[in-house]
Amino acid sequence: MSFRFVREFLKSPGTVGAVWPSSPALATTMVRAARVQSADFVLEIGPGNGAFTGPILENLRPEARFLAVEKCPLLAETVSEKFPGARIVVGCATQLTAHLKDQGNPDSIVSGLPWAAFGDSLQDSILKQITSSLAGHGVFASFAYFGPHRLRAGRAFRRKLDAHFREVETTPVVFANLPPAFVYFCTNTIQVDR
Ligand SMILES: C[S@@+](CC[C@H](N)C(=O)[O-])C[C@H]1O[C@@H](n2cnc3c(N)ncnc32)[C@H](O)[C@@H]1O
């Protein structure tokens, strides 16, 4: 358990969005859903204290590239210290295309973002950046807590995924996570003009 993670949650609950980091079981499900093992370039958004970062790096092919974009400077520092050599930048998911300038398009985007804590326009802005950045054959994967996904906000977010991707699939629920969660994995982007 990362003390820094909990402290950053208490300071900025609307940005960090979860008190506990994701479990190793959810990280394994995420890595599979995001097809990390066959990816050329993995982009992670919102690594937090690195719950997904470690398993991503362990499963990355030696020639594949990795970049993480984390909004909170302290958490970016934590994850850089844990995984020296991994490229972690402090930045916002609303600026993905700028962070990716001259680097090509990731074919796997892993999100740890707390979508439920975001307003409508922030969700739209980040999803637009994701669909503009993802390689044509790429996959976008993001977790959601099981239960809240059936509430109004959760259903609205699912509709947004359906509006941005032709295919939206879900993994089985991972009960070995607090709270239980599953992963959306989405392919075939639709460019939404807003
Ligand atoms: C729920 S935590 C998830 C951390 C980790 N991936 C996990 O699953 O345990 C969400 C993370 O997203 C980061 N974050 C929130 N909004 C962001 C944004 N707009 N751009 C980049 N990172 C953001 C937070 O600072 C936090 O580290």
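Small disclaimer: the values here were computed from a predicted structure and weren't measured.

Asker: Please explain the site of the ligand as it appears in this structure.
Answerer: Of all residues adjacent to the ligand, which total 22 residues, the nearest are Pro-21, Ser-22, Gly-46, Gly-48 and Gly-112. Contributions of two or more residues to the shell around the ligand are made by helix H2 (13–16) and strand E2 (65–70). Of the residues belonging to the shell around the ligand, the class tally is 14 nonpolar, six polar and two charged.

Asker: How should the packing of helix H7 (residues 120–133) against helix H8 (residues 152–164) be read in this particular structure?
Answerer: Relative placement of two packed helices is described by the angle separating their axes and the distance separating the axes. Across the interface, H7 lies against H8 with an axial gap of 11 Å and an inter-helix angle of 30°. Compared by their axis directions, H7 and H8 come out roughly parallel. Helix-helix and strand crossings are classified by hand; for H7 and H8 the assignment is right-handed. Where H7 approaches H8, its residues Gln-123, Leu-127 and Thr-131 are matched on the opposing element by Phe-157, Lys-160 and His-164. A breakdown of the residues in the contact of H7 with H8 according to their chemical character gives two nonpolar, three polar and one charged.

Asker: Looking at this structure, I do not really get the nonpolar core. What am I missing?
Answerer: Here is a general trend for soluble globular proteins: nonpolar side chains tend to be buried in one another's company. Counting residues in hydrophobic clusters, the biggest one holds 47 residues, and the most contacted among them are Met-30, Ala-34, Ile-56 and Ala-141. Ranked by residues supplied to this core, first place goes to strand E7 (residues 181–189) with six residues. Among all residues touching Ala-34, those that are not within four sequence positions of it are Ser-108, Val-110, Val-139, Ala-141 and Phe-185.

Asker: Before we go on, may I ask you to explain the environment of Leu-161 in this structure?
Answerer: When you line up the elements, Leu-161 lands in helix H8. Overall, the presence of 20 C-beta atoms within 10 Å leaves Leu-161 in the buried class.

Asker: Honestly, H8 in this entry has me stumped. Any pointers?
Answerer: One turn of the α-helix equals 3.6 residues, which is why residues spaced by three or four share an orientation. Between its terminal C-alpha atoms H8 stretches 19 Å, which fits the 18 Å expected from 13 residues at 1.5 Å a residue. Along H8, the positions that sit buried rather than exposed are Phe-157, Leu-161 and His-164. Across the axial projection of H8, the buried residues extend over an arc of 70°, all falling on one side. Exposed side chains of H8 directed beyond 90 degrees from the buried face belong to Arg-152, Arg-155 and Arg-159.

Calculation rules
Residues numbered from 1 in each chain as written. Predicted model: local features only at pLDDT ≥ 70, side-chain atom pairs only at ≥ 80, totals over all residues. Near = placed C-beta within 6 Å. Helix = DSSP H or I, 4+ residues; strand = E, 2+ residues; numbered from the N terminus. Nonpolar A, V, L, I, M, F, W, Y, C, P; charged D, E, K, R; others polar. Axes fitted to C-alpha atoms, helices over the stretch in contact; angles between N-to-C directions. Parallel < 35°, antiparallel > 145°, perpendicular 65-115°, else oblique. Left-handed = near helix turned anticlockwise from the far one by under 90°. Contact = placed C-beta atoms within 7 Å. Core = buried A, V, L, I, M, F, W, Y, C linked by C-beta atoms within 7 Å. Buried ≥ 20, exposed ≤ 12 C-beta atoms within 10 Å, placed from the backbone. Expected span 1.5 Å × (residues − 1). Arc of directions from axis to C-beta.

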